[in-house]
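Residue-level structure breakdown
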Amino acid sequence: MLPTYGERMVMNSEIGSGLDISTINMNSWNSNSYAAWVERFGKPDEIARKILADPMKMLSSLKDLFSEVKGKRILNIMGSNGTKAVALAALGADVTIVDFSEENRRYALDVAASAGVIINFIQSDILKISDYIESRTFDIVLAEMGIIHYFTDLNPFMKIAFDMLNKEGIFILKDFHPVSTKLISYRGSTAKVRKYKITGDYFDKSIEKVEVAYDKHLDSIDVRQFVYIRKWTLGEIVTSMAEEGLIIRSLKEEPNLSSEVFDRGIPKTFTIVAGR
Amino acid sequence: MDYIQSNKEAWEEAFEERSGDWGADIISRLNAEEFPFMDKNFIETMSDYEMEGKTVAQFCCNNGRELLSLMKFGFKSGIGFDIAENQVAFANDIAKRTNIRCRFIATDILKIAAAHHDSFDVIVITIGALCWFRDLGPFFEMVAKCLKASGSVFIHDVHPVANMLGAPGEDGYDETAPNRLVNSYFGKVWKENKGIHYITGKSYKSKTFTSFSHSFENILNAIIESGLSIRKIREFDYDIADGMFSALDHKGIPLSFILHASKS
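All values reported here derive from a predicted model rather than from experimental measurement. (Residues numbered from 1 in each chain as written. Chains lettered and ligands numbered in written order. Predicted model: local features only at pLDDT ≥ 70, side-chain atom pairs only at ≥ 80, totals over all residues.)

Here we look at the overall build of chain A
When its secondary structure is counted, chain A shows nine helices and 11 strands. Relative to its length of 276 residues, chain A is compact, with a C-alpha radius of gyration of 18 Å against a globular reference of 19 Å. Each of the three principal axes of chain A carries a C-alpha extent, and together these read 45 × 45 × 45 Å. The 276 residues of chain A split such that 46% are buried. Expressed as a percentage of contacts within chain A between residues at least 6 apart in sequence, the contacts between residues at least 24 apart total 66%. (Helix = DSSP H or I, 4+ residues; strand = E, 2+ residues; numbered from the N terminus. Rg over C-alpha atoms; globule rule 2.2 N^0.38 Å. Buried ≥ 20, exposed ≤ 12 C-beta atoms within 10 Å, placed from the backbone. Contact = placed C-beta atoms within 7 Å.)

Here is the structure:
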């Protein structure tokens, strides 16, 4: 049986240093992420100005789901650099981030301070959130982009989402689409000549070692940070939600939203909205 | 002529053109095997739920062999619905000869009579059903209408990813690279006049078949909007489309799926 994200299971030396996956991932997320967010978004006051100029724009394709958030209690699971949370706070929501990275915490709180909004940041493993917050607290639980692959068992994660929702609350999960992340590769650098093939194994259950997401923003750093991830199928995601009591209300599968010409016909992200 | 009427005529033509041995093994296999004509994972999924004494329907039941097989679960009664009148007559004849508690009704699924609403504990939908409907909303509205409270629908179909692959004979298909993507995930319409080979065993210029591929978004949202709740999706790496994608069996590509949904 695979270790879960929150377990303190000692891995063998192949994984690294006798540390568990969660600790390795946490250490990686604490190494350079503040500097990476400065590279990606600018100094906190710079990104704060952009967010305040148009908070809805920061929510990208999720904006329709957040059209009325004033006064809503929102839990942003693994909310990372806080840019979404600050945008939601600027729209009048009461936002809590749970994330285990100290560097993410500093950046998110610096952005919030610069924006003149208050967000609550709990630095913790999400699976231990019940140590800090009572269940049924939130109107909206949000987890978006690059979240679920950090769990080697999805059910405990989905149970947290279920537990944190109040009676009328909704869980919004947006992430990379498994058909793209697990299956499809391409050749050709222009849209006209690009050819797509299925070369991956959709059913692969292995844990992969990959560069931490923010590393691509840090060209000057010599020592790369790595994390361990498990990519899930759509069936596994949907079924784990249902098994933990979440009632799925909609599924949206999206093409490449950042390009009008590349990757047409291929699902790149998905958004599931669920309730209790 | 609308596409549903055109498909009805094309299916009835396929039955008239059927090969001599098509359907000839139904009775012998029903007698000899536990669940003939059914996928073992589909049976395994249904087996997680009590079926004894319940009522079952199959939408788009073809010649009835799958529903006749599923009656071995101990269903109290079963009704198969299909648009092709001659297929339904064939299915009723088999049911009569085997004395299985099934009957078959010829109807457009979207026009199933109100007498069948709130009638079934279980509705089964297998490959070759969803693809004949442009809009899955009305289709699953009928599923929801026909299910009793707390009833379940079990679906076994081609995975949306498989519809991205080219099939032999299709534009863009490369037999040296069957894993090349030629269609959009987000849906495509096919108009064909090549007949139904698995029934006729031959190529012939047929009446026009119009079919549609559907993404998981289309399928799940139609189910959800009908008032049903998604319980489970299982995905599999093998072809169930009469060998259309079998060159890619067990290569890590999702080619089929099973979905269970129920009334809350």
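Now, onward.
Considering the overall build of chain B
Scanning chain B from N- to C-terminus turns up eight helices and nine strands. Its C-alpha atoms give chain B a radius of gyration of 18 Å, near enough to 18 Å, the size a compact globule of 264 residues would have. Its C-alpha atoms give chain B principal-axis dimensions of about 50 × 40 × 40 Å. For chain B, long-range pairs separated by at least 24 residues make up 70% of all intrachain contacts whose partners lie at least 6 apart in sequence.

Some details on the packing of helix α7 (residues 154-164) of chain A against helix α9 (residues 234-243) of chain A
All names here are of chain A. Relative to each other, α7 and α9 sit at 50°, their axes nearing to 8 Å. Comparing the axis directions of α7 and α9 gives the class oblique. Both α7 and α9 take part in a crossing whose hand is right-handed. For the pair α7 and α9, contact is made by Leu154, Asn155 and Met158 and by Glu236, Ile237, Ser240, Met241 and Glu243, respectively. The residue inventory of the contact of α7 with α9, partitioned by class, reads four nonpolar, two polar and two charged. (Axes fitted to C-alpha atoms, helices over the stretch in contact; angles between N-to-C directions. Parallel < 35°, antiparallel > 145°, perpendicular 65-115°, else oblique. Left-handed = near helix turned anticlockwise from the far one by under 90°. Nonpolar A, V, L, I, M, F, W, Y, C, P; charged D, E, K, R; others polar.)

Quick notes on the nonpolar core
Core analysis: the largest hydrophobic core is formed by 154 residues, its most contacted members being A:Val86 and B:Ile123. The element that contributes the greatest number of residues to this core is α7(A), accounting for seven residues. In this structure, B:Ile123 is in contact with B:Ala57, B:Phe59, B:Val143, B:Cys146, B:Leu147 and B:Val153, ignoring residues within four places of it in sequence. (Core = buried A, V, L, I, M, F, W, Y, C linked by C-beta atoms within 7 Å.)

Observations concerning the environment of A:Met58
Residue and element names in this part refer to chain A. On the secondary structure map, Met58 appears in helix α4 (residues 55-58). Given 21 C-beta atoms within a 10 Å radius, Met58 is considered buried. With 65 residues separating them along the chain, Met58 and Gln123 place their C-alpha atoms 23 Å apart. If we skip the residues at most four places from it in the chain, Met58 touches Ile51, Thr83, Lys84 and Ala87.

A few points about the sheet that holds strand β8 (residues 228-236) of chain B
Residues and elements named next belong to chain B. Ordered by their spatial adjacency, seven strands build an open sheet running β3-β2-β1-β4-β5-β9-β8, and the pairing between neighbours is mixed. The outermost strands of the open sheet, each flanked by one partner alone, are β3 (102-106) and β8. Going across the sheet, the axis of each strand differs from the next one's by a mean of 15°, ignoring polarity. Note: strand β1 (residues 55-59) against strand β4 (residues 120-125), three bridges, orientation parallel. Residue pairing in the sheet places Val56 in a bridge with Val122 of β4. Contacts from helix α3 (residues 40-47) reach β5 (147-158), β8 and β9 (256-263) within the one sheet, and its direction differs from that of β9 by about 20°. Lying over the sheet, helix α5 (residues 85-98) contacts β2 (77-82) and β3, oriented at roughly 170° with respect to β3. (Pairing = 2+ DSSP bridges.)

Focus: helix α1 (residues 21-29) of chain A
All names here are of chain A. When α1 is considered as a whole, its buried residues turn out to be Ile21, Ser22, Asn25, Ser28 and Trp29. Viewed end-on, α1 has its buried residues packed into an arc of 130°, placing them on one side of the element. Tucked inside the fold, the buried residues of α1 contact α2 (33-41), α6 (102-115) and β9 (226-230). (Arc of directions from axis to C-beta.)

Regarding the confidence of the model for chain B
When pLDDT is averaged across chain B, the result is 95; 100% of the residues are at 70 or more. Per the prediction output, this complex has pTM 0.93; the corresponding ipTM is 0.95. (pLDDT = per-residue confidence, 0-100.)

Some details on the sheet that holds strand β2 (residues 94-99) of chain A
Residue and element names in this part refer to chain A. Spatially, β3-β2-β1-β4-β5-β11-β10 is the arrangement adopted by the seven strands of the open sheet, whose pairing is mixed. Two strands bound the open sheet, and with one partner strand each, they are β3 (120-123) and β10 (247-254). Pairs of neighbouring strands in the sheet enclose a mean axial angle of 15°, with direction left out of account. Direction of pairing for β2 relative to β3: parallel, over a ladder of four bridges. Residue pairing across strands places Ile97 opposite Phe121, the latter belonging to β3.

As for the interface of chain A and chain B
Each partner contributes residues to the interface: chain A has 28 residues there, and chain B has 26 residues. At the level of elements, β7 (195-198), α9 and β10 of chain A are the ones that each hand at least two residues to the side of chain A that touches chain B. Broken down by element, the side of chain A that touches chain B gets its largest block of residues, seven residues, from β10(A). Across the side of chain A that touches chain B, the residue classes break down as 13 nonpolar, seven polar and eight charged.

Details of the packing of helix α5 (residues 83-90) of chain A against α6(A)
Residue and element names in this part refer to chain A. Contact pair α5 / α6: the axes reach a minimum separation of 9 Å and the direction vectors enclose 30°. Relative to α6, the element α5 lies roughly parallel. Handedness of the crossing formed by α5 with α6: right-handed. Of the residues in α6, those in contact with Thr83, Ala85, Val86, Ala89 and Ala90 of α5 are Ala108, Val111, Ala112 and Ala115. Of the residues that constitute the contact of α5 with α6, the class distribution is eight nonpolar, one polar and no charged.

A short note on the confidence of the model for chain A
Across chain A, pLDDT averages 89, with 92% of residues at or above 70. Under a pLDDT of 50 for its full length, residues 1-15 of chain A has, in the predicted model, 30 contacts with residues more than four places off or in other chains.

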